[in-house]
Structures are given as C-alpha cells and as structure tokens.
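# Analysis of the macromolecular model
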Amino acid sequence: MPESPPAIWSRSLADEFWSGSVTPLMFSVSGQLIEARMVDEKLEFARIPKTAPFLRYHHGYVYANTNLLGDIFSLIPSIFRTKEVLDNLPSQLRDRLLADERSLWSIFSPRFVGACFRTVLHERGWSPFTNHQRFRRHGDAILARALRGFGDDVASGTPETLLHSMARIENEMGEFLEAAIWGVAYAYLLYPLVRIVSERWLGDDEGKVAEWAMARVPGNKTVEVNEAIEALARRLKASPALAASLRQNGLAAPGESDTNLPGAAEFGESFHELMTRHGHRLLGRDLLYPSWRESPETVLQLVLKALEARREGDAATPAKPPPSELARRDRLPAFQRLVLELGLHYMPRYVNLRENMRYFADLFLERIRNVALVLGEHLAARGTLDHREQVFFLFREELAAAVRGDVPDLAALARRRRIEYERARDEKPPRELIGDQGADVTVTERAPADATLLVGSGVSRGVVRGRARVVLEVSEFREVRPGEILVTNATDPGWTCLFSLAGGVVMEMGGMLSHGAILAREYGLPAVASVPGATKAIATGALIEVDGLKGHVRLLETT
C-alpha cells in the first residue's frame, strides 16, 4: 500500500484567526477547541477522512494542514473558489483548484449536495437564513451573563478547582464556537460570491457593490466600541482642561478623574460604562495580553489619541449606490437578480458575525486568563514557576501535570519558550512547512524582481500616499499621527480606533475577511494584507503608496 504524502502546513489560514505569535496555553485552549468543536464533525459530514491533525503549533505560530484544506476546498463549489479564498493554500493546490471553471451550477455537484443533506439531518442551526440570528442571540446571552458577573470565584480557588473552572469555561467557549462555525463559513462563501456575480453581471471589477452592501451594517461590535471611544473623545474636546489633566495625571482608578474640572463627572461615568460593557477586550490576540479592565490607562490613551482623529466613524461611511447602479440591478434577469439580492442581504450579516466572533470570544478568554494567572500564582508559590506569567508558556496538559506535581523544571521550559515566542515575533518562521514534527522542510519564497514593490492581497480599494508608521505593539500606538499609513503585523480589535487617524493600512498577515480588512472597509481606508516582510521592508517615516485594489505597496522614498 503506497505511503500517504507528507502533510503540507501553511500559516495563511491560521493567520486569519491568530495573526501573530501564539503562546502554548493559547494554542492548547483555543486551537484544540477549534479542532474539536469546529472542524472534526464537519469533516465527518463531508466524508473527508482525517489522517492528521488540522492545526499544528510550530515555533510560536499556528499552521493549518493544507492536505485537509485541499480536500475541503475541492468539495466547495467552484463559484466560491476566488483567488482571495485560495490564497490560504500552497501554490500547487491553489493552482489546481483555480484551474476549474467557476460555475454557479457547481453548487449542484453530488458531493456538495450530499454533504449539505447530511448537515441538514444532523446539524442544529445550520441554515444560512437564520444562523446569523442564532449567533446574535447566543452572543447577547453571553454578554448579558458577563454584565451580571459569571459567578467565577477565582481568587479563593485551589489549583484543582481552578483547573476545573478552566475546563468549564473552555466547554462554554466550545458551545459558542459551535454556534459560530456555520456563520464564519457563510462569510467566507458569500463575500466572494457577491464579488464574483457583481463583476460578471454588473461589470463591477472594483468590488464597489460588496462595499456598498457592507457600509455601516448595524451590529458590528468593534465599530460600536470605537464609536464609544469617539464619544468620550468628544467630551474631552468640550473640556480642554480635563483633557490636559488626564494627559498629565492619567486615571487614579478606572473612571476616576479630577472631579473639580468641568465635565469630569460625566466623563468618569461614561468611561466607567465603557469599561463595564467592553472591558473584557484583550489588548492582543493571545492570553498573554491584559484585558482593558486590567489596563484602564491604555484605554484612556486610546481616548486621548482619538482627539487627534481627522474624522469620526460616521464621516468615513462609503457612499450608498447611486440610482443608476440600482437601475442596472433591476434590469438583470430574474434569477440573476435573486441570487445577487440574496447575497447582498445575507453577506454583510455574516461578515459582521465573522468580526463579532472575536468580541464574544474575549469574554471567555478574559476569564481563562484570570484563572490561569491565579493558577500561576499557586505554581510560583510552590517554586514550580519563577512568576505567574510563565503559566502562558505551558500547554494545557503540562499545566494539569504541574498541579499534580508530575513535571520537573517547568520554569526552565517556560523560559525557553518565552525566548522562542519573542524570537518568532521578530523573525517569523516560514509560511509553509512540509513533513511531520521533527522533520521540517521549509518552503522558501522567491524574492520580488522589483525591490520597491511589495505585493499582497488588496482588501480595501483606493489609492493613498503617505508616511509610514510601523506599529508592532499596543504601546506604540501613541506615536501614530493623523494621515500616516499603519504598517503592522496584523491589527487587533483592542486598538483599531486608530483607523480614525490612519490614511491607509498595510498588514503582513490576514486576508479579505481578517479584522483589519473589515475595519478598513468600514472606515474607507485603502488597505493591503498578506504582505510578507512589510514591517521589515518599510521603515517609519518612509513615503509609500498603497493601492488597495491591486494589492500593491510601492516604496517611493525611504528615510
């Protein structure tokens, strides 16, 4: 019997969800939940055999098994296989799947229809007509519980009870992910469908129709948070003395300020409301990062930075389609008009779901972080760890073994992994790997012929020229000046109110439905994602041009 070909692992799809180096604890919590609750059962419905894990942790980054991805994408009707979607695959698989003619009738292929039939029989809440409503109800219920307090007694827990609490929170998060999986899939299917049919039937080769459909669709949680920050900034604009005091003295405690100054009481109440409702947001995409609740001074700095914004969110709303565009749609044949209108109705709801998934996930991740830190304190008191933050550099199984006392010298292991994590953040591992653990062969990337041109995926149309500002950590956002082009590894919901200052966005990671891409379109900013080495090739202060349609970043002048 011939041997199976070695697995090919790619960072591209994983970067859509993690977008940066990942600690072992974060991977062993969220990665294993995604594998178990979002992938395994769906592969069974599709009759796709799973001979290897779907996700892999390698030198601080998460990789997806592209052998399995290839099987999944070959099942998806060819109409949905756009270049942007297939960029998540290595070139040999991408080219093969792109060679198929993209036909709307491919949705009637026997394999796809069979998978849909098995899903209908066994999966609750799968329907694209109602799934977004189910997700919203689920998320609202979780948020309501959070506002009342989850009732987790973390501070007084023993190591054993803390492990039990972590397992319970993980199970709740798994139920949430099960509610989200179909909506995320519909976002990745409907967005390219709208782009394709509007290009074919309306001649829209710039994606304007999809952009109009997504303009300020209610319910985007990140936009909601940004608008709350902008509202606080407006209060400070009306009280310059208070703004000056906060810049100089900061907050004594969340929501507190100099109550003798005009507007201070109102600002304090609004700040407290912001932190109560949205304080669970993490400052990065990992359990290692504190929540807003832990770092109110950082949130205050975001509010103060919003004072410099050239525009507020509403002012950046893309234009609605002109009457001539609507008339062109009305002239389409009935079937084409039905397909397009259904796509335009449901696509923005699922793109919002894709964006809001992270907002609600932070409710669980903040709780897991709090439990992990207290558990780390217990292990540090025992001498098992040097300090409590080392807990993030243990895998979940190692953490359980540490509580039992079964693993020696975990502090040294955590120190080595912290060094590896920071090295991976600065010197990113390859985008693709071939082989099993311990038998890695990296796939090298060809250097571009034109050293002044960086090529990625255009995710928000428009052309802008401006000075670059490289931002790698949340602490660096204070340096951003209005009109500068953000150049970053990946944006994070915890600090994207910077979009109201930026002139454009360049990201090393992510794709058409990554967080930064969605927000760039919301704010009308030209943006390019998946630009390898952008933060190394572009220096702060360099003059660059960003073409968000072509996916080009041109170095015009270096510093």
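A count of helices and strands for the protein gives 19 helices and 13 strands. Partitioning the intrachain contacts of the protein with sequence separation of at least 6 by distance along the chain shows that 70% fall at a separation of at least 24. Carbon together with sulfur atoms contributes 53% to the accessible area of the protein, which is approximately 23,800 Å² in total.

One full turn of an α-helix is made of 3.6 residues, so residues set three or four places apart face in the same direction. Across the 11 residues of helix α13 (residues 296-306), 10 count as buried, placing the element largely inside the fold. Among the structural elements, α10 (221-237), α11 (240-249) and α12 (264-278) are those in contact with the buried residues of α13.

Our focus in this paragraph is the packing of aromatic side chains. On inspection of all chains with the given rule, the structure shows 13 aromatic pairs. Ring geometry for Y186 against Y350: centres 5.3 Å apart, planes inclined by 65 degrees, an arrangement best described as edge-to-face. Of this pair, Y186 sits in helix α8 (residues 159-202) while Y350 sits in helix α15 (residues 334-382); the two residues are 164 residues apart in sequence, bridging distant segments of the chain. Here Y186 matches Y350 in class, with each residue buried. Clustering of aromatic rings is evident, with ring pairs tying together F135, F176, Y359, F360 and F364. For the cation-ring pair, R11 lies above Y61, with the distance from its terminal atom to the ring centre recorded as 5.0 Å.

For α15, built from 49 residues, the straight-helix expectation of 72 Å at 1.5 Å per residue is met to within 8% by its first-to-last C-alpha distance of 71 Å. Positive phi appears at G383, one or two residues downstream of α15, with a value of about 90 degrees.

So, on to empty space enclosed by the protein. If you walk through the whole model with that rule in mind, you get four cavities of 30 Å³ or more. Along its surface, the largest cavity is lined by 18 residues, and F17, W18, M357, R358 and A361 are the ones closest to its centre. Elements with a minimum of two residues in the lining of the largest cavity: α1 (12-17), α2 (24-45), α8 and α15. Counting residues per element, the lining of the largest cavity draws most heavily on α15, at six residues. Its volume calculated, the second largest cavity comes out at about 60 Å³. Looking at the second largest cavity, the residues that line it are M214, V217, N220, P348, V351, N352, I518, R521 and E522.

Before going further, it helps to examine the pairing of strand β2 (residues 55-58). Covered by surrounding structure in β2 are L55 and Y57 together with R56 and H58, the residues of both alternating faces. Inspection of the sheet shows β2 paired to strand β3 (residues 61-65) by four bridges, in the antiparallel sense. From the neighbouring strand, H58 faces β3, where its bridge partner is Y61. Hairpin connection between β2 and β3: a loop of two residues separates the two successive antiparallel strands, and H59 in this loop has a positive phi of roughly 50 degrees.

Turning next to a nonpolar patch on the surface. Nonpolar side chains collect at one region of the surface, where W105, F108, V113 and F335 lie side by side and expose about 470 Å² of accessible area between them. Tracing the sequence through the fold places F335 in helix α15.

As a further point, take the side chain of R285. Residue placement: R285 occurs in the loop between α12 and α13. Since its relative accessible area comes to 12%, R285 is described here as buried. In terms of polar contacts, R285 uses its side chain to reach the backbone carbonyl oxygen of T491, at 3.2 Å.

Now for the side chain of E398. Mapped onto the fold, E398 is located in helix α16 (residues 396-404). Judged by its relative accessible area of 18%, E398 falls in the buried class. A distance of 2.9 Å separates the side chain of E398 from the backbone nitrogen of F395, its partner in a polar contact. Beyond its immediate chain neighbours, meaning those up to four positions away, E398 contacts V407, L410, L413 and R417.

Another aspect to go through is the sheet that holds strand β11 (residues 527-529). Read from one edge of the open sheet, eight strands run β6-β13-β12-β8-β9-β10-β11-β7, paired in mixed fashion. A strand with exactly one partner marks an edge of an open sheet, and here the two such strands are β6 (453-455) and β7 (457-460). The sheet shows a mean angle of 30 degrees between the axes of neighbouring strands, taken without regard to direction. Bridging between β6 and strand β13 (residues 552-557) involves three bridges; their strand directions are antiparallel. For L454, the partnering residue across the bridge sits in β13 and is V553. Its contacts with the sheet place helix α18 (residues 515-522) against β7, β10 (504-507) and β11, and it is angled at close to 45 degrees to β7.

The next thing to look at is the pairing of strand β12 (residues 543-547). Relative to β12, strand β8 (residues 463-470) runs antiparallel, the two sharing five bridges. Residue pairing across strands places R467 opposite L543, the latter belonging to β12. Sheet topology note: the β12/β13 ladder contains five bridges and is antiparallel. Across the sheet, L543 pairs through a bridge with E557, a residue of β13. Linkage of β12 to β13, two consecutive antiparallel strands, is achieved through a turn of four residues, within which G551 is found at a positive phi near 80 degrees.

Grouped together as the largest cluster of nonpolar side chains are 148 residues, with contacts concentrated most on F176, L236, F267, W292, M347, F392 and L399. Counting 16 residues, the second largest nonpolar core, distinct from the first, contains L454, A468, V528 and V531.

For the coordinates displayed, the defined rule picks out 26 salt bridges. For E294, the salt bridge goes to R369, with nearest N and O atoms at 2.7 Å. Note that E294 is positioned in the loop between α12 and α13 and R369 in helix α15, a separation of 75 residues in sequence. Given a relative accessible area of 36%, E294 falls into the partly exposed group. E422 is the salt-bridge partner of R418, the closest N and O atoms lying 3.0 Å from each other.

Conventions we followed
- Sequence order as written defines residue numbering, which begins from 1 separately in each chain.
- Local features in this predicted model are restricted to residues whose pLDDT is 70 or higher, and side-chain atom pairs enter the listing and the counts only when it is 80 or higher, whereas totals over whole chains, interfaces and linings include all residues.
- Computation of side-chain values covers all heavy atoms of the structure but excludes hydrogens and water.
- Numbered from the N terminus, helices here are DSSP runs of H or I no shorter than four residues, and strands are runs of E no shorter than two.
- Contacts are residue-level and defined by heavy atoms, with any inter-residue pair within 4.5 Å sufficient.
- For accessible areas, the Shrake-Rupley method is used with a probe of radius 1.4 Å. Any residue's cover is judged against the shown protein chains and nothing else.
- Only protein chains enter the area calculation, which uses a 1.4 Å probe; residues under 20% of their type maximum are buried, those over 50% are exposed, and those in between are partly exposed.
- Pairing of aromatic rings covers Phe, Tyr and Trp, the last counted by its six-membered ring, and requires centre-to-centre distances within 6.5 Å; plane angles under 30 degrees mean stacked, over 60 mean edge-to-face, and any other angle means tilted.
- For a lysine, the NZ atom is tested; for an arginine, the CZ atom; a charge sits over a ring if that atom is within 6 Å of the ring centre and within 35 degrees of the ring normal.
- Multiplying one less than the number of residues by 1.5 Å gives the expected span of a helix.
- Cavities and pockets were defined on a 1 Å grid built from protein atoms only: a cavity is a group of points that admits a 1.4 Å probe but offers it no way out, a pocket is an open group of points flanked by protein on both sides within 12 Å along at least five of seven lines, and a lining residue is one with an atom within 4 Å of any such point.
- Grid points are joined across faces, edges and corners, and a volume is the space filled by probe spheres set on the points.
- Only strands that DSSP links by at least two bridges are regarded as paired with each other.
- To count toward a patch, a residue needs a relative accessible area above 30% and no salt bridge. Like charges then connect within 9 Å, nonpolar side chains (Val, Leu, Ile, Met, Phe, Trp, Tyr) within 5 Å.
- One speaks of a salt bridge when a side-chain nitrogen belonging to Lys or Arg is within 4 Å of a carboxyl oxygen belonging to Asp or Glu.
- The term polar contact refers here to a pair of N or O atoms within 3.5 Å; inside protein, the definition further demands a hydrogen-donor-capable atom paired with an acceptor-capable atom, and it admits residues adjacent in sequence only when both atoms are side-chain atoms.
- Between the N-to-C directions of two axes lies an angle of 0 to 180 degrees, each axis being a line fitted to C-alpha atoms and, for a helix, fitted only over the stretch in contact.
- Residue types Ala, Val, Leu, Ile, Met, Phe, Trp, Tyr and Cys, when buried and joined through side-chain atoms within 4.5 Å, form a set referred to as a nonpolar core.

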